[in-house]
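# Chain and residue survey
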Amino acid sequence: SQTIHQWPATLVQPVGSPLSLECTVEGTSNPNLYWYRQAAGRGLQLLFYSIGIDQISSEVPQNLSASRPQDRQFILSSKKLLLSDSGFYLCAWRPDRVYGYTFGSGTRLTVV
Amino acid sequence: KQEVTQIPAALSVPEGENLVLNCSFTDSAIYNLQWFRQDPGKGLTSLLLIQSSQREQTSGRLNASLDKSSGRSTLYIAASQPGDSATYLCAVTRETSGSRLTFGEGTQLTVNP
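Residues numbered from 1 in each chain as written. Chains lettered and ligands numbered in written order. Predicted model: local features only at pLDDT ≥ 70, side-chain atom pairs only at ≥ 80, totals over all residues. Heavy atoms only, no water.

### Quick look at the state of the cysteines
Under the counting rule described, the total for this entry stands at two disulfides over all chains. A:Cys23 shares a disulfide with A:Cys91; S-S distance 1.9 Å. One quick way to see it: the torsion about the S-S bond of A:Cys23 and A:Cys91 is about -75°, and its sign makes the bridge left-handed. Here A:Cys91 lies in strand S9 (residues 87-94) and A:Cys23 lies in strand S3 (residues 19-26), a separation of 68 residues in the sequence. Judged by relative accessible area, which is 0%, A:Cys91 ranks as buried. The side chain of B:Cys23 participates in a disulfide bridge whose partner is B:Cys90; the two sulfur atoms lie 1.8 Å from each other. Sign of the S-S torsion, about 60° for the bond between B:Cys23 and B:Cys90, identifies this disulfide as right-handed. (Disulfide = S-S within 2.5 Å. Helix = DSSP H or I, 4+ residues; strand = E, 2+ residues; numbered from the N terminus. Buried < 20%, exposed > 50% of the residue type's maximum accessible area, 1.4 Å probe, protein only.)

### As for the sheet that holds strand S8 (residues 72-77) of chain B
All names here are of chain B. Here we have five strands laid out as an open sheet, ordered S1-S3-S8-S7-S6, and antiparallel in their pairing. Pairing within the sheet leaves two strands with one partner each, and these edge strands are strand S1 (4-7) and strand S6 (56-59). Put simply, the sheet's adjacent strands are angled 15° from each other on average, direction ignored. Note: S1 against strand S3 (residues 19-25), four bridges, orientation antiparallel. (Pairing = 2+ DSSP bridges. Axes fitted to C-alpha atoms, helices over the stretch in contact; angles between N-to-C directions.)

### Observations concerning the sheet that holds strand S7 (residues 65-70) of chain A
Residues and elements named next belong to chain A. Across the sheet, which stays open at both edges, the four strands sit in the order S1-S3-S8-S7 with antiparallel pairing between neighbours. Because the sheet does not close on itself, it has two edges, and the strands there are strand S1 (3-7) and S7. Averaged over neighbouring strand pairs, the angle between their axes works out to 20° when direction is ignored. Pairing of S1 with S3 involves five bridges; the strand directions are antiparallel. Looking at S3, one finds that Thr-3 is bridged to Glu-26.

### Focus on the nonpolar core
Formed by 22 residues in total, the largest nonpolar core has its most connected members in B:Phe25, B:Leu33, B:Trp35, B:Leu75, B:Ile77, B:Tyr88 and B:Leu109. Broken down by secondary-structure element, the contributors of at least two residues to this core are S3, strand S4 (30-38), strand S5 (44-51), strand S7 (62-67), S8, strand S9 (86-94) and strand S11 (107-112) of chain B. Every residue in contact with B:Leu109, bar those within four places of it in the chain, is listed here: B:Leu11, B:Val13, B:Leu19, B:Ile77, B:Asp84, B:Ser85, B:Ala86 and B:Tyr88. Judged by nonpolar contacts, the second largest core, of 20 residues, contains A:Leu33, A:Phe48, A:Ala66 and A:Val111. (Core = buried A, V, L, I, M, F, W, Y, C linked by side-chain atoms within 4.5 Å. Contact = heavy atoms within 4.5 Å.)

Note that every value here comes from positions in space, so none of it alone points to a role or purpose.
Here's what the structure looks like:
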């Protein structure tokens, strides 16, 4: 069966520090992968999506970047965190558009 | 640009009541619609997926309907329980591969014992 793993669950980082959040999917190949952010009191915002290795689309210009070094691995990064980067980050995947999305358990990031 | 609206924003009901959550979207060119549940501080759990060619889907006490032409979906919860308390989100996918989900703001449901 397919599973999605996301870590860490919680992260507190100082302003200006780097960030690396990792997401991996098991039990499937060539999934579509997504990074979403949910800020406090706001809806879910798509940050990046990827339909294949090294194929990444950015939805919102910002302080973050994404990489997909392997088929089932999706990484969200930042070189220097801002206070506004605080939020709940969710990774998601789906096999193709016929299927629904499956979300990971999320990472709560607090930038201090 | 696709916009998804959910009404009501919050709902409080006594245990055992049947209830309906509403979702509307502005662009009817969707591929499918998905209902999720989110518990506080947790990720999203998929409840039901409706393809654009379908009219409804059922899972246990949940029934979701889709009227693509009018841009509406409803989530019906029968015999509500305190464990149903959560935020319910609907989201639509456009008719292109790799495309994103567009989410509504959610309905926060509280079922009182």
